[in-house]
Protein chains: 2
Amino acid sequence: MDFARSVTHPVTHSVIHRACGGSVRGVTAATDLVGIDEIRAAAGRIARYAVRTPLLAPPLGDRRAGLYLKPEVLQPMGAFKIRGAVNAVAALDPEVRARGVVAHSSGNHAQAVAFAARAFGIAAHIVIPDNAPTRKVEATRAYGATVDLVPVAERVTRAEQVARETGMTMIPPFDDRDVIAGQGTIGLEIAEDAANLDVPVAAVLVPVSGGGLISGIAAALAALAPEVAVIGVEPELAGDAAESFRAGRRIAWRAEDTGRTCADGLRVPCVGELPWAHIRSYVRDIITVTEDEILAATRALALDARIVAEPSGAASVAAHLFHGAELPAGARVAVVSGGNVDPALLGRLLGGS
Amino acid sequence: MDFARSVTHPVTHSVIHRACGGSVRGVTAATDLVGIDEIRAAAGRIARYAVRTPLLAPPLGDRRAGLYLKPEVLQPMGAFKIRGAVNAVAALDPEVRARGVVAHSSGNHAQAVAFAARAFGIAAHIVIPDNAPTRKVEATRAYGATVDLVPVAERVTRAEQVARETGMTMIPPFDDRDVIAGQGTIGLEIAEDAANLDVPVAAVLVPVSGGGLISGIAAALAALAPEVAVIGVEPELAGDAAESFRAGRRIAWRAEDTGRTCADGLRVPCVGELPWAHIRSYVRDIITVTEDEILAATRALALDARIVAEPSGAASVAAHLFHGAELPAGARVAVVSGGNVDPALLGRLLGGS
């Protein structure tokens, strides 16, 4: 393994970094990247199931001027993940799809795949770590999925085993071109709506975890609005993609390190291989935000924009509010990627003023 | 004055009722009601300023099946009021408009008129009772309006005096056909979006205060989807419109009685005259909900639909969740009219589970 420490992007705590695992298939040619036609096809497939979210321009006060919001919290299961999951399930050959789908996730991907399976009337087997919050387990079960609680270390092998034994298709959370194309429909919509604004959009701010979301959005905007800078946002405590971006190669953090951030949707310790190819080709920069900034943005979204974001979803807004100097000047769109917040956390944030 | 007690709709506390004040101009002929052409014109006028809100179908679990949400909390100042205020300001003769506008309000109407004035580059003089929350005063000032804090009893006379002395135009909160036409654009959008649903919409649930919102929506749906039942929802503690509906005549409650509900946007003690004409012609029923039901709906909206509603805005959802037997069977749309909630109240609701 290749151990390295960040030097270009200071981190104030001790973190061991290593190169990402997985077979390096060398996805680098532009022809391997998800194209606008795939994203347009995805838009057609998901139209019946996902909300075509509006672009909101809340007048959030001086510091927030020029911030437009893309509120993916309004999706049926509360996060953008529904777009990629529905597209991936819809794109399956009908005979293959009929055997069902399997996924492993402790978060929004679990609910998204369960939702997509229900939408297509097929079985879903979702492997969830047995330390996941009851609330998320219940939400996944509510869509009719079979929930398989396993020790966290076994989740991948269990899901692969189920896929092998049942013929169900694994729906990956981010390292998949149909999933990326589905998330890319957000970029399609931003490009359409930005054309109707009074001001040009300078940047789109996107939370980064495994990288599927930013890959799809960046691919869409590269085709439709290449003048717009796509900027990734990560918690400082899970800044593997920011470090990778500066190093020019994928670097993984340890899960126990990324696990420290309150933004539990952004703890994936390394971006995926296909996402990395998109990030290298299309993304202008990846910046990091602190835990306090993420929580302040979560609170501001609830009170000033009237939308409930989970910390992971508010990271993009934190970048605008607290790191404007690191971003292109002008109007910005923040993708608020999800809203499945711990109720007690949000309650504390609101009570604390 | 005409004192009366409700008999058809039991209320568990002592309330003195009286007939509404104001000149009775006898607005009863259908030709006096706001028509679909006026509402379409309003839609054109407000398009640049108001969000064309989506119709959300959150899978909120069994009890919530069949509930679609119209989230007006996503409007720039957090409530539907922006539609009526912008339309009323836009409809003014340009020379008259240039002299500015005046309004009196302790709630969302204040911010809506201030927003509309800023949008058109004119002055706004907003009279606010001096016991209003600082948060609402600051929000109104943030749009550049002149805020005039006066004792609550003087707010109407002060606003009228300002209008008389300055030539500014008074923008009424609900008893005005341009305001009603603006709110009616919500009905227009519901009719458009309902046509794309898999199921027919049986009812649209609308919070009732002065009656402008339900009037506009009912007028639009009477023209575009007359098979849809428009149902008003009021707090039991401010049930003047429900009582009026049953009595067949407008009945006012005392402000000190309607003031008991936590739904501070629904405390107007009597629906307006022009709204009453619309309610009599177009509204199927008006039902009441309890304080506990309103607060439970507010919590459910935050956690299951990821939108922040103020209690007034959640009343419609409370009707669906807790009074289904009083409503038409089938899919329902709840208009979530506003989201300017007291942060501490929402914090308590979220912490209390």
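For clarity, every value in this text was computed on a predicted model and none was experimentally measured. (Residues numbered from 1 in each chain as written. Chains lettered and ligands numbered in written order. Predicted model: local features only at pLDDT ≥ 70, side-chain atom pairs only at ≥ 80, totals over all residues. Heavy atoms only, no water.)

Some points on the sheet that holds strand 3 (residues 67-71) of chain B
All names here are of chain B. Pairing is parallel across the open sheet formed by five strands, whose spatial order is 3-12-8-9-11. Every interior strand has two partners, whereas the edge strands, strand 3 and strand 11 (285-289), have only one. Recorded for the sheet is a direction-independent mean angle of 25 degrees between the axes of neighbouring strands. Where strand 9 (residues 229-235) meets strand 11, five bridges bridge the pair, whose relative direction is parallel. (Pairing = 2+ DSSP bridges. Helix = DSSP H or I, 4+ residues; strand = E, 2+ residues; numbered from the N terminus. Axes fitted to C-alpha atoms, helices over the stretch in contact; angles between N-to-C directions.)

Describing the confidence of the model for chain A
Residues and elements named next belong to chain A. Here chain A shows a mean pLDDT of 90. Residues at 70 or above account for 89%. Low confidence marks residues 1-16, where pLDDT is under 50. Its contacts with residues over four positions away, or in another chain, come to 35 contacts. When the criterion is pLDDT under 50, residues 22-28 qualifies, and its contacts beyond four places in sequence or with other chains add up to nine contacts. Scored by ipTM, the complex comes to 0.89, with pTM at 0.90. (pLDDT = per-residue confidence, 0-100. Contact = heavy atoms within 4.5 Å.)

Looking at the packing of helix 12 (residues 291-304) of chain A against helix 13 (residues 311-322) of chain A
Residue and element names in this part refer to chain A. The contact between helix 12 and helix 13 brings their axes to 7 Å, and the two run at 100 degrees. Looking at the two axes, helix 12 sits roughly perpendicular to helix 13. Residues Glu293, Ile294, Leu295, Ala296, Ala297, Thr298, Ala300 and Leu301 of helix 12 touch helix 13, and the partners they reach there are Pro311, Ala314, Ala315, Val317, Ala318, Leu321 and Phe322. Looking at the contact of helix 12 with helix 13 residue by residue, the classes come out as 13 nonpolar, one polar and one charged. (Parallel < 35°, antiparallel > 145°, perpendicular 65-115°, else oblique. Nonpolar A, V, L, I, M, F, W, Y, C, P; charged D, E, K, R; others polar.)

Considerations on the packing of aromatic side chains
What describes a pair of aromatic rings is the distance from one ring centre to the other and the angle between the planes of the rings. Residue and element names in this part refer to chain A. One pass over the full model with this rule turns up four aromatic pairs over all chains. Aromatic side chains Phe115 and Tyr143 sit 5.8 Å apart centroid to centroid with 80 degrees between the ring planes, which places their arrangement in the edge-to-face category. Within this pair, whereas Phe115 is found in helix 4 (residues 108-120), its partner Tyr143 is found in the loop between helix 5 (134-142) and strand 6 (146-150), the two being separated by 28 residues in sequence. Assigned by exposure class, Phe115 and Tyr143 land together as buried. (Phe/Tyr/Trp six-rings, centres within 6.5 Å; stacked < 30°, edge-to-face > 60°. Buried < 20%, exposed > 50% of the residue type's maximum accessible area, 1.4 Å probe, protein only.)

Looking at the pattern of salt bridges
Residues and elements named next belong to chain B. The tally for this structure, following the rule as stated, stands at 28 salt bridges over all chains. With a shortest N-O distance of 3.7 Å, Lys136 and Asp264 are connected by a salt bridge. Of the two residues, Lys136 is situated in helix 5 (residues 134-142) and Asp264 in the loop between helix 10 (255-258) and helix 11 (273-282); the sequence distance between them amounts to 128 residues. Taking the relative accessible area as the measure of exposure, Lys136 reaches 13% and is therefore buried. (Salt bridge = Lys/Arg side-chain N within 4 Å of Asp/Glu carboxyl O.)

Side note on the relation of the copies chain B and chain A
Aligned on chain A, chain B shows an RMSD of 0.0 Å; the corresponding rotation is 180 degrees and the shift along the axis is 0.0 Å. Those values place the two copies in the arrangement expected of a two-fold rotation axis. Closest approach to the rotation axis within chain B is made by the C-alpha atom of Gly347(B), at a distance of 2.0 Å. (Least-squares fit on C-alpha atoms with pLDDT ≥ 70 in both.)

A word on the sheet that holds strand 7 (residues 169-170) of chain A
Residue and element names in this part refer to chain A. Strand order in this open sheet of four strands is 6-5-4-7, and the pairing throughout is parallel. The open sheet has two edge strands with one neighbour each: strand 6 and strand 7. Bridge analysis of strand 4 (residues 101-104) against strand 7 gives two bridges, and the strand direction is parallel. Bridge pairing in strand 7 links Val101 to Thr169. Sheet strands touched by helix 6 (residues 155-166): strand 4, strand 5 (124-129), strand 6 and strand 7. Its angle to strand 4, the strand with the most contacts, is close to 175 degrees.

Quick notes on the environment of Arg249(A)
All names here are of chain A. By the secondary structure assignment, Arg249 is in the loop between helix 9 (240-247) and strand 10 (251-253). Here Arg249 falls in the partly exposed class, since its relative accessible area comes to 32%. Remark: the alpha-carbon pair of Arg249 and Arg280, spanning 31 residues in sequence, is separated by 9.0 Å.

Digging into the interface of chain B and chain A
Taken together, the contact pairs 33 residues of chain B with 33 residues of chain A. Two residues, Arg135(A) and Asp304(B), come together in a salt bridge whose shortest N-O distance is 3.9 Å. At the surface where chain B touches chain A, the tally comes to twelve residue pairs in polar contact (both at pLDDT 80 or more). Of all the secondary structure elements, the ones that give two or more residues to the side of chain B that touches chain A are helix 12 (291-304) and helix 14 (343-351) of chain B. (Polar contact = N/O pair within 3.5 Å; in protein donor to acceptor, adjacent residues only side chain to side chain.)

As for the packing of helix 12 of chain B against helix 14 of chain B
The axes of two packed helices give the description: the angle between them and the distance between them. All names here are of chain B. Running from amino to carboxyl end, helix 12 crosses helix 14 at an angle of 80 degrees, the nearest separation of the two axes being 10 Å. With respect to each other, helix 12 and helix 14 are oriented roughly perpendicular. Contacts between helix 12 and helix 14 involve Leu295, Thr298, Arg299, Ala302 and Leu303 from the former and Leu345, Leu346, Leu349 and Leu350 from the latter. A per-class count over the contact of helix 12 with helix 14 returns seven nonpolar, one polar and one charged.

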